[in-house]
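Chain by chain, the residues:
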Amino acid sequence: MEDNKNIAKNYDPKEFEERLYNEWLEKGYFTPKVDREKKPFTIVMPPPNITGQLHMGHALDNTLQDALIRWKRMQGYETLWLPGEDHASIATEVKVEAELAKKGINKKEIGREEFLKHVWDWTHTYRERIKKQLQKMGASCDWTRERFTMDEGLNKAVREVFVRLYNKGLIYRGNRIINWCPRCMTALSDAEIEYQEKQGNLWHIKYPVKDSDEYIVIATTRPETMLGDVAVAVNPNDERYKHLIGKTLILPLVNREIPIIADEYVEMEFGTGAVKITPAHDPNDFEVGQRHNLEQIVVMNDNGTMNELAGKYAGLDRYDARKQIVNDLQELGLLVKIEEHNHNVGAHDRCGTTVEPLLSKQWFVKMKPLAEPAIEAVKNGEVEFVPERFAKVYFNWMENIQDWCISRQLWWGHRIPVWYCQDCGEVIVSSDEPDVCQKCGSSNLKQDEDVLDTWFSSALWPFSTLGWPDKTEDLEYFFPTDVLVTGYDIIFFWVARMIFSAINEMGSVPFKHVLVHGIVRDSQGRKMSKSLGNGIDPLEIIDKYGADALRFTLVTGNSPGNDMRFYMERVEASRNFANKIWNASRFMLMNYDEELVNRYKSEANDIRNTADRWILSRINEVAKEVTDNLNKFELGIAAQKIYDFIWSELCDWYIELVKPRLYGDDEKSKAAAQITLIEVLKDSLKLLHPFMPFITEEIYKHITDETPSITIAKWPEFREDRNYQEDMKSMEYVIDAIRAIRNIRAEMNVPNSRRAKIMIIPSNEAAKKAFEDGAVYFEKLAFASEVVFIGENEIPKDAVSQVTEGAQIYMPLEDLIDKQKEIERLTKEKEKLEKEVERAEGKLNNPNFVAKAPQKLVDEEKEKLAKYKEMLEKVIERLNALK
Ligand SMILES: [Zn+2]
Ligand SMILES: [Zn+2]
C-alpha cells in the first residue's frame, strides 16, 4: 500500500493519467497469454481510418469497448482487445491527393510509385497519432498485437481470400453497370453512394417511326444518355403501341435505327408507357438489354465527358452535352415538353460528385451464395444484434443484396492479385506473384492495375488480425471473438461483410454479439461536422477535464442503438463526480488508523453495527445489479447505478452516519467504521474502474495492496454472507425518517442551528429497534434535540407530522419556529403574493394584452398566475395552522 496520507489534496487527472497508463503498458496488463486453463474474451477494435484524428464517435466507440474489456479482465478472462488501423483506400487517397495539390504536386504527374511513398508517409504519421489518442483515452488494448489493414500478414490474407473466392467461382470479372465517380474516376459500391432528393427535369422527346408519320414519346432525366440508346421498349399488352412492336425508330440527333421491343418490365401507367433502353448507362436497361441481346454503347468517358461515340457532342462535359442536346432537340421540334421532376440522385460519399451509372469491366463478388448462410447465422442466433432491432436492417440489406463490385481504379490499397499474360491472354489469379504464364510460359505478365474496395480487407479483420491464413495459436484461442462494438452506420459496409467472410473462410461467425451504438451529436442534436464547425475534440476535453470525465459522460449518456447529445454541462458533472470520489477517499484515508485497524481486523464481522452491515449489503447488491446490467450490455445503466451508490449512499449517507464514530472514543466502533469504509470504497472503485480507469487506479493504490493494480483486481461478486436483509430494512427506516424530517425543516426554512424534539410512533418492533439504535443519527443528521417514542394518544396538538413506512413522526411547532415571528413573516408573504396575483389577473383580463401579445408571453403570464395562486394557498394554510 502506498503512503495513504500522501494522496494529493486535489483531484488533478493530469498528475496521474499518463503515468498510470505507461505503468500499465510496462507491466503488460493488456497483453493476454494463450492460457487453456482460462476462458478468452476477445474484441477486435473497429480499425479507425488513417484519414485524420479521432473524433467523438471514436471516443464513444472505444470507451464502450474498453469498459467491456476491463470488466472481463477483472472477471478473470484472458482478455484480448486487438487494436489497429484501416488504410481506408479511397478516403486516404482523396486526402493525400488534396494535401499534395496544396504543394503543387499532381498525383498523375508523379506516378503510382511516388504517390504511394507519400501515402505511406501519411500512414506512419497518422497511425502514430491515432495510437497516442487511444492511449490518452485509457484504451486497454494490446499494442503488441496492433495490426494495419495493409501490413504483410493482412495482405497475405486478402490475396488468399481473393484466390479462394475466385476458385470457388464466387469472384468474377464482368461488364456490368456500376456506380462510377467521374471525379475520382473509380467504380464504387452501392454502400458508398449517398442518395438525395434533387429537383430535376423530365424531358419528353419524340422518336420518329421510320417511314411513317408516327412517333413515340419517351421521357428521360438524363437526355445525354440517349446517344447510347439501342431500343425503345413498351409493354406487350399496351394497346397504344401493339401495332408498332417490331418496327424501327430513328434515334434523333444520331439518326441511328433502333427497334421497338416488347418487355413486361415496362409499366404502362408510368409516363408515356414507352422507355428508351440504354444498356450501358442504366442498370435496369442493362437487364433488358441482356434479355433481348441488345448492343451496349458507352457514350461517356471515365471523367464524365462524352466520348467519340457521342458524335458531335464528343469532348463535352456530361452536363454541357445535356444542354446542347436539349437545345438541338428543340430546334428540330422533337422536344415535346419539359416537366419538373424531383428524383433521387446518388452522390459519391467521399467527394459529393453525382455518380454515373456506367457499363464497366470490373471485378465482382457473387453475393447470393455468401449472403444466405450469413442471414441464417443471425436468424438462428449465432450472432445477436444489441439492440435486436438492428437485425432487421441487416436482413433488409442482405436479402436484397447485389453482387459486390470490388475493383477500384485507385492506387492506394490492395492491388488485385490477378496477372494477365501479354502474349497469350491467360488470366492468372494467384496469392503469390507468378514468374511465368502457366499456359504459354511467357514471363511477359502484367498485374491488374486496380486495387480492392477498402472493405474487402476490413471484412477479414476478425480473423486476419489473429494470423489467418496461418494456423496460429492466437487464432485458435481467441477466435471467434465475443463482441463487436460499432456504429449503426456501418452495418452494411462492414458488419455484414465480416459475417459472411468469416463464415466462408473460418466456418464460423466472427463474433457472438454486435453492440450497436448511435452517433454523438452536439447539444442541439446536430451531427458534428467540419462544415458546421461544431465538432468537439476529445483531446481538448481530456486536457481540460481528464479522460475519466469524458469517458463517464459518454457512457452514461448512451443507450444501445440510440444517438446521444454531448453537453459540456454533463462533462462538468462527471468531473464533479470524480472530485467527490477524490475528496471522499481522501477523507477516509485521513481517518484511517492502520495500527488500530490491524488490531481489530480479525474480528471485523463481530464489531460492525447496523449501518456497517447496511452499506456492505448495499454495495453487495449494487455489484450484482451492475454485473447483470453489463451482461445485458446496459453500460449506461450500470455506470449510473455506481454513480448513485457512491454519491448518495456512500458519501451522503454512510460517511455522515459514521462521522460520530470516527471522531468518538469507542475504539472498536471506530475500527469497524474505518475497516468498512475502506472495504466499501475498494469495491466501489472496482465497479467503477471499467468506466473511470484512472482515478480508480490512483485511489486503489493508496487503499490496498490486494493486487498491484486495479486493472487486474477481482471483480466484486454477490456474496450471500454479505446479504444482511434485516440491517438493510433497519437503515431504510432510519434514513426514510431522517429524510422526512429534513423535508419538513427545509419546507419551513428552519436553520440547522435550531434543534427540535422528535416524537415517533413506530410502525412495528423492528422499526422501533432501528430508531432506538439510530438515535445518534437523528441528532447529527436531523438536528434532533431528543428522540422519544409516543403512543397514539400522546400526539401533541401543535405539531407538524410526516408519515414514513416505519413511523409517524411529529415535531412540536414551537421547536421549529418562533410563532409570532413566523406569523409576521407569512403575513408579509401573503400580501406580496396577493399583489402578484392581482397584477397577473389584471394583465390577463385585459383583452388588449391577450389579443396582441405573443402567445408565448400570454402562456407565461398564465403559468405565473397559477404558481402565485398555489403559493398563496399554501401560505394561507400555514397561517391558519399557526393561529
Ligand atoms: Zn468521388
Ligand atoms: Zn501466356
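Structure shown above.
Each chain carries its own residue numbering, running from 1 in the written order of its sequence. Just so you know, chain letters begin at A and ligand numbers begin at 1, following the order they were written in. Local features are withheld for residues below a pLDDT of 70 in this predicted model, meaning they are given only at 70 or higher, and side-chain atom pairs are given and counted only at 80 or more; totals for whole chains, interfaces and linings count all residues. Hydrogens and water are ignored here; the side-chain numbers use all heavy atoms of the structure.

## Some thoughts on the coordination of the zinc ion (ligand 1)
No. 1: Only nitrogen, oxygen and sulfur atoms within 2.8 Å of the metal, or 3.2 Å for Na, K and Ca, are treated as donors, and water is left out, so sites may look incomplete. Here the zinc ion (ligand 1) is held by Cys181 (SG), Cys184 (SG), His348 (ND1) and Cys351 (SG), and the distances to it run 2.0 to 2.3 Å.
No. 2: In this structure, the zinc ion (ligand 1) is surrounded by four donor atoms whose angles at the metal cover 102 to 116 degrees, and the resulting shape is tetrahedral.
No. 3: All donors of the zinc ion (ligand 1) come from a single chain, and their spacing in sequence reads C-x2-C-x163-H-x2-C.
No. 4: Each residue's exposure class comes from its accessible area (1.4 Å probe, protein chains only) as a fraction of the maximum for that residue type: buried when under 20%, exposed when over 50%, partly exposed otherwise. Of the residues examined, His348 reaches a relative accessible area of 1% and is grouped as buried. Angular criteria define each label, namely tetrahedral for four donors with all angles between 85 and 135 degrees, square planar for four and octahedral for six donors with opposite donors over 155 degrees apart and remaining angles between 65 and 115, and irregular for whatever fails these tests.

## Describing the pattern of salt bridges
Charged atoms that come close allow side chains of opposite charge to pair.
No. 1: Each reported salt bridge corresponds to a side-chain nitrogen of Lys or Arg within 4 Å of a carboxyl oxygen of Asp or Glu. By the definition in use, this model includes 67 salt bridges.
No. 2: A salt bridge links Arg145 to Asp474; the shortest N-O distance between them is 2.7 Å. In this pair, Arg145 is assigned in the loop between helix 4 (107-137) and strand 4 (147-148) and Asp474 in helix 12 (residues 473-478), connecting sequence segments 329 residues apart.
No. 3: Note on Arg145: relative accessible area 15%, which makes it buried.
No. 4: The partner of Glu239 in a salt bridge is Lys242, and the shortest N-O contact between them spans 3.5 Å. Numbering of helices and strands runs from the N terminus; a helix is a DSSP stretch of H or I covering at least four residues, while a strand is a stretch of E covering at least two.

## A word on the sheet that holds strand 16 (residues 404-405)
No. 1: Two strands are counted as paired when DSSP detects at least two bridges linking them. The strand order 6-5-14-16 describes an open sheet built from four strands, whose pairing is antiparallel. Among the strands making up the open sheet, the edge pair consists of strand 6 (186-188) and strand 16.
No. 2: Bridging between strand 5 (residues 171-181) and strand 6 involves three bridges; their strand directions are antiparallel. Bridge pairing links Cys181 to Thr186 in strand 6.

## Quick word on the coordination of the zinc ion (ligand 2)
No. 1: Around the zinc ion (ligand 2), the protein supplies Cys421 (SG), Cys424 (SG), Cys437 (SG) and Cys440 (SG) as donor atoms, at distances of 2.2 to 2.4 Å.
No. 2: One chain supplies every donor to the zinc ion (ligand 2), and in sequence these donors are spaced C-x2-C-x12-C-x2-C.

## A closer look at the environment of Val158
No. 1: Position of Val158 among the secondary structure elements: in helix 5 (residues 152-167).
No. 2: Note: C-alpha distance between Val158 and His414 (256 residues apart in sequence) is 7.6 Å.
No. 3: Setting aside residues no more than four positions away along its own chain, Val158 makes contact with His414, Leu452, Phe456, Ser457 and Leu460. Any two residues whose heavy atoms approach within 4.5 Å are treated as being in contact.

## With respect to the packing of helix 15 (residues 547-556) against helix 16 (residues 568-590)
No. 1: Interaxial distance between helix 15 and helix 16 falls to 8 Å at its minimum, and their mutual angle equals 120 degrees. By the angle between their directions, the pair helix 15 and helix 16 is classed as oblique. Helix-helix and strand crossings are classified by hand; for helix 15 and helix 16 the assignment is right-handed. Contact residues: Ala549, Phe552, Thr553 and Thr556 in helix 15; Arg570, Val571, Ser574, Arg575 and Phe577 in helix 16.
No. 2: Charged residues are taken to be Asp, Glu, Lys and Arg, nonpolar residues to be Ala, Val, Leu, Ile, Met, Phe, Trp, Tyr, Cys and Pro, and polar residues to be all remaining types, Gly included. Class assignment for the residues of the contact of helix 15 with helix 16 results in four nonpolar, three polar and two charged. Axes here mean lines fitted to C-alpha atoms, for a helix over just the part in contact, with angles spanning 0 to 180 degrees between N-to-C directions. By definition in this entry, angles of less than 35 degrees are roughly parallel, angles greater than 145 are roughly antiparallel, angles of 65 to 115 are roughly perpendicular, and the rest are oblique. Left-handed describes a crossing whose near helix is turned anticlockwise from the far helix through less than a right angle; right-handed describes the clockwise counterpart.

## Topic: helix 4
No. 1: Working rule for helices: expected span equals 1.5 Å times residues minus one. With 31 residues, helix 4 ought to run about 45 Å at 1.5 Å a step, yet its terminal C-alpha atoms sit only 36 Å apart, falling short of that.
No. 2: Values of bend correspond, residue by residue, to the angle between axes fitted over the seven residues ending at that residue and the seven starting there. If you look at helix 4, its biggest bend is around 80 degrees, right at Glu113.
No. 3: Under this definition, polar contacts are N or O atom pairs within 3.5 Å; protein pairs additionally need one hydrogen-donor-capable and one acceptor-capable atom, and for neighbouring residues in sequence, both atoms have to be side-chain atoms. Capping the start of helix 4 is the job of one residue whose side-chain oxygen sits 2.7 Å from the backbone nitrogen of Lys108: Asn106.
No. 4: Positive phi shows up at Gly138, right after helix 4, with a value of about 95 degrees.

## Focus: empty space enclosed by the protein
A probe as big as a water molecule, rolled over the atoms, marks out the empty space that is left.
No. 1: The way it works is a 1 Å grid over only the protein atoms, where trapped points that fit a 1.4 Å probe form a cavity and open points with protein on both sides within 12 Å along at least five of seven lines form a pocket, and then any residue with an atom within 4 Å of a point lines it. Grid points are joined across faces, edges and corners, and a volume is the space filled by probe spheres set on the points. One pass over the structure, following the stated rule, counts four cavities of 30 Å³ or more.
No. 2: Counted as a void, the largest cavity has a volume near 70 Å³.
No. 3: Val161, Leu165, Leu370, Trp404, Phe456, Ala459, Leu460, Phe500, Ser501, Asn504 and Glu505 together form the lining of the largest cavity.
No. 4: Contributing elements (two or more residues each) for the lining of the largest cavity: helix 5 and helix 13 (491-506).
No. 5: No other element matches the four residues that helix 13 contributes to the lining of the largest cavity.
No. 6: When grouped by side-chain class, the residues that make up the lining of the largest cavity number eight nonpolar, two polar and one charged.

## Brief notes about the sheet that holds strand 19 (residues 427-429)
No. 1: Strands sit in the order 19-18-20 across an open sheet of three strands; the sheet is antiparallel. Here the strands that pair on one side only, and so sit at the sheet edges, are strand 19 and strand 20 (445-447). Shown here is a sheet whose adjacent strand axes are inclined to one another by a mean of 30 degrees, direction ignored.
No. 2: Looking at chain direction, strand 18 (residues 418-421) and strand 19 are connected through three bridges and run antiparallel. Of the residues in strand 19, the one forming a bridge with Tyr420 is Val427.

## Brief notes about the pairing of strand 5
No. 1: Where strand 5 meets strand 14 (residues 356-365), 10 bridges bridge the pair, whose relative direction is antiparallel. What sits directly across from Ile171, in strand 14, is Val365.

## Focus on the packing of aromatic side chains
No. 1: Note on aromatic pairs: the rings of Phe, Tyr and Trp (six-membered ring only in Trp) are paired at centre separations within 6.5 Å, and the planes decide the class, stacked below 30 degrees, edge-to-face beyond 60, tilted for the rest. Throughout the structure, instances matching the rule amount to 33 aromatic pairs.
No. 2: Measuring from ring centre to ring centre gives 5.1 Å for Trp120 and Trp412, while their planes differ by 85 degrees; the resulting arrangement is edge-to-face. With Trp120 in helix 4 and Trp412 in the loop between strand 17 (407-408) and strand 18, this pair connects stretches of sequence that are 292 residues apart.
No. 3: According to the relative accessible area criterion, Trp120 is partly exposed, its value standing at 30%.
No. 4: The exposure class of Trp412 is buried, given its relative accessible area of 1%.
No. 5: Geometrically, the ring pair formed by Trp404 and Phe456 is tilted, given 5.9 Å between the ring centres and 35 degrees between the ring planes. With Trp404 in strand 16 and Phe456 in helix 10 (residues 454-458), this residue pair connects regions lying 52 residues apart in the sequence.
No. 6: Pairwise contacts between aromatic rings join Phe162, Tyr166, Trp363, Trp404, Phe456 and Phe500 into one cluster.
No. 7: Between Lys107 and the ring centre of Trp411, over which it is positioned, the NZ or CZ distance is 5.3 Å.
No. 8: For a lysine, the NZ atom is tested; for an arginine, the CZ atom; a charge sits over a ring if that atom is within 6 Å of the ring centre and within 35 degrees of the ring normal. Positioned above the aromatic ring of Tyr126 is the side chain of Arg129, whose terminal nitrogen or guanidinium carbon lies 4.7 Å from the ring centre.

## A look at the packing of helix 19 (residues 610-631) against helix 23 (residues 725-747)
No. 1: Orientation of helix 19 relative to helix 23, taken along the N-to-C sense of each, is 105 degrees, at an axis distance of 8 Å. The orientation of helix 19 relative to helix 23 falls into the category roughly perpendicular. Counting all contacts with helix 19, which are made through Thr610, Ala611, Arg613, Trp614, Ser617, Arg618 and Glu621, the residues of helix 23 involved are Gln725, Asp727, Met728, Ser730, Met731 and Ile735.

## A closer look at unusual backbone geometry
Glycine aside, the phi torsion of most residues is negative, and most peptide linkages are trans.
No. 1: Cis geometry marks the peptide bond from Trp468 to Pro469; its omega dihedral reads 10 degrees.
No. 2: You can see Pro469 is positioned in the loop between helix 11 (461-464) and helix 12.
No. 3: Cis geometry is found at the peptide bond from Phe479 to Pro480, where omega equals -5 degrees.
No. 4: Counting through the fold element by element, Pro480 comes out in the loop between helix 12 and strand 22 (481-487).
No. 5: Of note, the phi angle at Asn749 is positive, near 60 degrees, even though the residue is not glycine.
No. 6: Considering the arrangement of structural elements, one finds Asn749 in the loop between helix 23 and strand 26 (756-762).
No. 7: Of note in this structure, Phe783 is not a glycine but carries a positive phi near 55 degrees.

None of this, on its own, says anything about what the molecule does.
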